[in-house]
Amino acid sequence: MSQHNLNDTIVALATPAGVGAIGVIRLSGKDAIEITDQVFYGKKLSEQATHTIHLGTIRDEGNIIDEVLVSIFRTPKSYTKENVAEISCHGSNFIIQKLIQVFIKNGARMANPGEFTLRAFLNGQMDLSQAEAVADLIASNSESSHAIAIQQMRGGFSDEIKNLRQELLDFASLIELELDFGEEDVEFANRDELKILVKKIRGLIHALIESFRLGNVIKNGINTVIAGRPNAGKSTLLNALLNEERAIVSEIAGTTRDTIEEILNIKGVEFRLIDTAGIREAQDTIEAVGVEKTFEKIDQSALLIYVFDVIQTQPEEVKADLEKLVKNNIHFLAIANKMDLNPHTKAEHYTNEILTADQFVPVSAIAKMNIEYLKDKIHHAVITNQLNLESTIVTNARHFDALQKAHTSLSDVLKSMEDGITSDFVAMDIRQSIYHLGSITGEISTDDLLGNIFANFCIGK
């Protein structure tokens, strides 16, 4: 968390750095409007209503720096719940830096990374998971990652966690009430009801934990490796999927010496396509490095697209390749390429204990035959269930870790009750799970935790 006083008025550029049509400078704090008023020539800003915009000039010692629009947001009806002034100026780097210097000279200080959103959290505008969703929303680069960030920023995930936590709190309070009457042997918390509740909450937490695999790949993109023998048509397939000539296509074996990476968006989900060197006995040192990188990329990926030439590659060779490539339960598809030259090839010719008919996809990359069907198969290979963006999907590694710890604590609660452990230890385990759930929304937080989270934000947010 910032070492500076959170009562200061802070200033920063809220739009991306670089030359553009406009730039927006944001001030937040008790004196934000007054500081702006000192250098703004137009209407008297301190006398204007909240949520109004005013045209005027900003001057430094009488010299006009720029003609601007100033938007006024009065506490508590602003992003930070503080007084906020946003200055829309021309997007010259010189003008922007000059204006920021003028505001600092008149009493503001430069904001730290994420300090506007930190103040929004500290002032109760949003909880911690919603604040983290702001960063995810800024970074979203696909329809799915955008939809999840919006859902979390609007509090869907927070509400679910808060409800689970409150139910546990209610029972923990009853158990601790029993401890206060320890000598009288009274029972306020029905143990059978507590077991049912803990099992229900543990099940819900487990579902959230399971959603992280999907959430993580949606947020960060799905690493997808295209691999196969030289001249199988990997680069042609990459070009067909992207609908552009991105990879070098040649009849010379071993043309792709290094990996080529591109982004493909399928149904709102981002796939990071990695075209790799052909799998064969390398003819030179450079090619050997390329083949080694292919295996490294496969180990780091969620999906393998194995491409083979239906003319040149026999079923037993396909099986041998897959035995070499398919490890660690990686999802994979086997792409039977050059089907235009051998249309009689069928899935049953190639299926075995590794390759099922469902994983076999016939295409002609050069003729762009079956490419849309292949895209559907790529999406379905990783997103196996219907993607419901209304449901809660965990995308944040910190939340995932806290949920795992809460799940472990609840398992300890059940074990303690089954083993007849005394109520004080049961209460302790429940309190642990309550603590971990609270750390997600910020009901339990520390300066170190806040510092780590908000340090990753951009300065103007």
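Residues numbered from 1 in each chain as written. Predicted model: local features only at pLDDT ≥ 70, side-chain atom pairs only at ≥ 80, totals over all residues. Heavy atoms only, no water.

Asks: Just checking my understanding: could you explain the nonpolar core for this structure?
Replies: One broad trend across soluble globular proteins is that nonpolar side chains are buried collectively. Of all hydrophobic cores here, the largest spans 30 residues; its most connected members are Leu 194, Ile 205, Leu 403, Ile 430 and Leu 437. Listing elements by their share of this core, those giving two or more residues are helix H6 (156-180), helix H7 (191-220), helix H12 (397-418) and helix H13 (423-441). Excluding its chain neighbours within four sequence positions, the residues that come into contact with Leu 194 are Phe 171, Ile 175, Met 417, Val 426 and Ile 430. In terms of nonpolar packing, the next biggest core, distinct from the first, is built from 27 residues, Leu 241, Ile 266, Leu 303 and Ile 305 among them. (Core = buried A, V, L, I, M, F, W, Y, C linked by side-chain atoms within 4.5 Å. Buried < 20%, exposed > 50% of the residue type's maximum accessible area, 1.4 Å probe, protein only. Helix = DSSP H or I, 4+ residues; strand = E, 2+ residues; numbered from the N terminus. Contact = heavy atoms within 4.5 Å.)

Asks: Could you clarify how one ought to interpret helix H2 (residues 93-105) in this entry?
Replies: Note that an α-helix has 3.6 residues per turn; residues three or four places apart therefore point the same way. Over its 13 residues, H2 extends 18 Å from the first C-alpha to the last, a length consistent with the 18 Å expected when each residue adds 1.5 Å. Those residues of H2 lying buried are Ile 95, Ile 96, Leu 99, Ile 100, Val 102 and Phe 103. In an axial view of H2, the angular spread of the buried residues amounts to 160 degrees, which keeps them on one side of the axis. What points out from H2, more than 90 degrees from its buried face, is the exposed set Phe 94 and Gln 101. N-capping of H2 is provided by Ser 92, with a side-chain oxygen placed 3.2 Å from the backbone N of Phe 94. Gly 107, located one to two residues past H2, shows a positive phi value of around 125 degrees. (Expected span 1.5 Å × (residues − 1). Arc of directions from axis to C-beta. Polar contact = N/O pair within 3.5 Å; in protein donor to acceptor, adjacent residues only side chain to side chain.)

Asks: I would appreciate a short explanation of helix H3 (residues 115-122) in the present structure.
Replies: Of all eight residues in H3, seven are buried, a share of seventy percent or more. Listing the buried residues of H3 in full gives Glu 115, Phe 116, Thr 117, Leu 118, Arg 119, Ala 120 and Phe 121. Positioned one or two residues after H3, Gly 124 has a phi angle of 80 degrees, which is positive.

Asks: Hey, could you run me through the packing of aromatic side chains in this one?
Replies: In this description, an aromatic ring pair is defined by two values, namely the gap between the centres and the angle between the planes. If you walk through the whole model with that rule in mind, you get four aromatic pairs. For the ring pair Tyr 306 and Phe 308, a centre distance of 5.8 Å and an interplane angle of 25 degrees mean the geometry is stacked. Among the residues examined, Tyr 306 registers a relative accessible area of 0% and is labelled buried. On the basis of relative accessibility, which here comes to 1%, the residue Phe 308 falls in the buried class. On the numbers, 6.4 Å between centres and 50 degrees between planes, the contact of Phe 308 with Phe 360 is tilted. Taken together, the residues span a long stretch of sequence, with Phe 308 in strand E11 (residues 303-309) and Phe 360 in strand E13 (residues 360-362) at a distance of 52 residues. In terms of burial, Phe 308 and Phe 360 fall into one category: buried. Here a set of aromatic residues connected by ring pairs shows up, and it is made of Tyr 306, Phe 308, Tyr 350 and Phe 360. Across the ring face of Phe 116, the terminal group of Arg 26 is positioned such that the distance to the ring centre comes to 5.3 Å. Lying over the aromatic face of Tyr 41, Arg 59 brings its terminal NZ or CZ to 4.6 Å of the ring centre. (Phe/Tyr/Trp six-rings, centres within 6.5 Å; stacked < 30°, edge-to-face > 60°. Lys NZ or Arg CZ within 6 Å of the ring centre and 35° of its normal.)

Any functional reading would require information that these geometric values do not contain.
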